[in-house]
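# Geometric and topological summary
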Amino acid sequence: MGETVITVDNVGMEFNLSKEKVDSLKEFFIKLMKRELKFQPFWALKNVSMDVEKGDRVGLVGLNGAGKSTLLKLISGVMKPTEGRIRVKGRLSPLLALGAGFDPSYTGRENIFLYGALMGHTKQFIESKFDEIVEFSEIGEFIDVPLKNYSSGMGARLAFSIATAVQPEILILDEVLSVGDAKFQEKSRLRMNSLMEGQVTILFVSHSTDQVRKICDKAVWLHQGKVITQGPVDEVCDDYEKFLQLKN
Amino acid sequence: MTIIGHRFLVNFNKYRYLLNELVKRDIKLKYRRSVLGIFWSFLEPLLSMIVLTIIFSTLFKRNIANFPVYYLIGMLTYQFFAGGTKAAMLSMVSNAYILKTIYIPKYLYSLAATLSNFVTYLLSLIILFMVMAVTDVNFTMYIIFASLPILALLLLTIGVGLIMATINVFFRDMQHLYGVFLMLLMWLTPIFYPPEIVPTSFRFVQTYNPLFAIITCCRSSFLYGTLYDINILLFAIGSGITAIVVGIILFYKSQDKFILHV
């Protein structure tokens, strides 16, 4: 305990919110001539600071558009903050958007290697985990069939099996993962529970305070890009729920 | 600067296997659904060569010695440049979904797109050797020297690919403009006509065309069995290095903004 693994230091993220997005040369020059090139700044996050220590399980709560997903994207390195600094120690395992890296024309077997490579693993490592992944996903003989011929549940099962085959250091969850039929959901819940045991650090985004209370021990409440409160999960969730009731 | 270089190398090492997988996927999927498979990359240049040889030997006065080899060298070079840069240009937009969800060094997609075209190019050199054998071209040791202009070609294609990938993120209609540019480039480069038919006052178009410099060097090594003019080679390599340096700088300076535009 005590070792800080994620430092978010006074982070701000600015987007251009101009009404019409200019993404062609033609438009660019027309707008330039008419002097219509406007830059409408919008701060999705402003002055956000938080520290996450090793083993912390932090839930991010807030309304739609509060900046939760933006913050996760900044931490996972997909986007760079406009201002402030973010430091991360340890390997991040994003579980956002299952199956994002799959290629539909590839077979299940080929996709395991492709997806593993996207997560930054080596070939040897994926080979050593291969049997385990196939077994857990219950794909069976479909492993050599192109992914486009899979049912949607099968694809999700395969993605989940690959993503959770590794014991992560920092796990990033955007909404809870429930894939497959009832039987597989139970299995994936057990897998998630075993992943969450031990020294793993978790960042979890959800609308549901019930899920956050169940999974996390700390929470951060974001509202319109600013941190309202952060601290023990129950305090923050109580505050947030009170706010929701008032609003309704 | 040393820290950046160090981080780059660590990252490159980590994602080397991904690069490998991406190149493999491009090549595999291109030919998976066709009966002839990878042989398409042999057959396509061969067939277009036959067609053009027939046209040029009947319609026009035949003034190029060994037209099939002359044409193939030019066309294969041009096709790799056009295909490689085009694929790199589209790579950011077509992989937008992944770039938005997982952190991956973005240049990998652009590089993989170019490299998979390079593998196809190297394979199609087999066709060139076969046609050379059939048309009684002398195989000399100078063929080995072709590796230098080919290296220049690779650098040039990667560099222009990075530049086009960056521009295309911000201006999507670049795809169409670039298509027109590539067509213009094909006609301005002496691929199926001798360079001499262009009036002297317009020769500068050829002199300052890096692609033609590469083709000239390759023709010397493969077809004529001589050493190329070293100045032409230096121009080709210089252009390649310039393109890749400009490409890397442009790409690195704007890549953080990609996510907001793709």
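Now for a look at the structure at hand. (Residues numbered from 1 in each chain as written. Chains lettered and ligands numbered in written order. Predicted model: local features only at pLDDT ≥ 70, side-chain atom pairs only at ≥ 80, totals over all residues.)

Attention shifts here to the interface of chain B and chain A. Counting from both sides, the interface comprises 24 residues of chain B and, opposite them, 26 residues of chain A. Looking at the side of chain B that touches chain A residue by residue, the class counts come to 14 nonpolar, 2 polar and 8 charged. (Contact = placed C-beta atoms within 7 Å. Nonpolar A, V, L, I, M, F, W, Y, C, P; charged D, E, K, R; others polar.)

Strands pair in a sheet through their backbones, by hydrogen bonds, and they do so in one of two ways: parallel or antiparallel. Residues and elements named next belong to chain A. Strands sit in the order β2-β1-β4 across an open sheet of 3 strands; the sheet is antiparallel. Across the chains shown, the open sheet's two edge strands, defined by having one partner strand only, are β2 (41-53) and β4 (83-88). The average undirected angle you get between the axes of adjacent strands in this sheet is 20°. Bridge analysis of strand β1 (residues 4-16) against β2 gives 9 bridges, and the strand direction is antiparallel. Bridge pairing in β2 places F15 opposite F42. (Pairing = 2+ DSSP bridges. Helix = DSSP H or I, 4+ residues; strand = E, 2+ residues; numbered from the N terminus. Axes fitted to C-alpha atoms, helices over the stretch in contact; angles between N-to-C directions.)

The next point concerns the nonpolar core. With 84 residues, the main nonpolar core has L72(B), I73(B) and I214(B) as its most contacted residues. The greatest single-element share of this core, amounting to 14 residues, is contributed by helix α4 (residues 67-94) of chain B. Residues contacting L72(B), with those up to four places away along its chain left out, are P45(B), M49(B), L128(B) and V131(B). Of all hydrophobic cores here, the second largest spans 35 residues; its members include V52(A), I170(A), L173(A) and V227(A). (Core = buried A, V, L, I, M, F, W, Y, C linked by C-beta atoms within 7 Å. Buried ≥ 20, exposed ≤ 12 C-beta atoms within 10 Å, placed from the backbone.)

On to the packing of α4(B) against helix α10 (residues 210-224) of chain B, then. Residue and element names in this part refer to chain B. The geometry of α4 relative to α10 is characterised by a closest axis approach of 10 Å and an angle of 140° between their N-to-C directions. Relative to α10, α4 is oriented oblique. In the crossing of α4 with α10, the sense of the turn from one axis to the other is right-handed. Contacts from V69, Y70, I73, G74, T77, Y78 and F81 in α4 reach L211, I214, I215, C218, R219, F222 and L223 in α10. Here the contact of α4 with α10 is built from residues that sort into 11 nonpolar, 2 polar and 1 charged. (Parallel < 35°, antiparallel > 145°, perpendicular 65-115°, else oblique. Left-handed = near helix turned anticlockwise from the far one by under 90°.)

Now for the environment of Q211(A). Along the chain, Q211(A) falls in helix α7 (residues 209-215). Q211(A) sits 152 residues away from G59(A) along the chain, and the two C-alpha atoms are 9.1 Å apart.

This paragraph deals with the pairing of strand β7 (residues 201-205) of chain A. Residues and elements named next belong to chain A. Most of β7 sits out of view: 5 of its 5 residues are buried. Because side chains alternate across β7, one face comprises the buried residues T201, L203 and V205, and the other comprises I202 and F204, equally buried. Where strand β3 (residues 57-61) and β7 come together, 4 bridges link them in parallel fashion. Among the inter-strand pairings, L60 is bridged to a residue of β7, identified as V205. The pairing of strand β6 (residues 170-174) with β7 spans 5 bridges and is parallel. Residue I172 lies in a different strand from β7, and its bridge partner there is L203.

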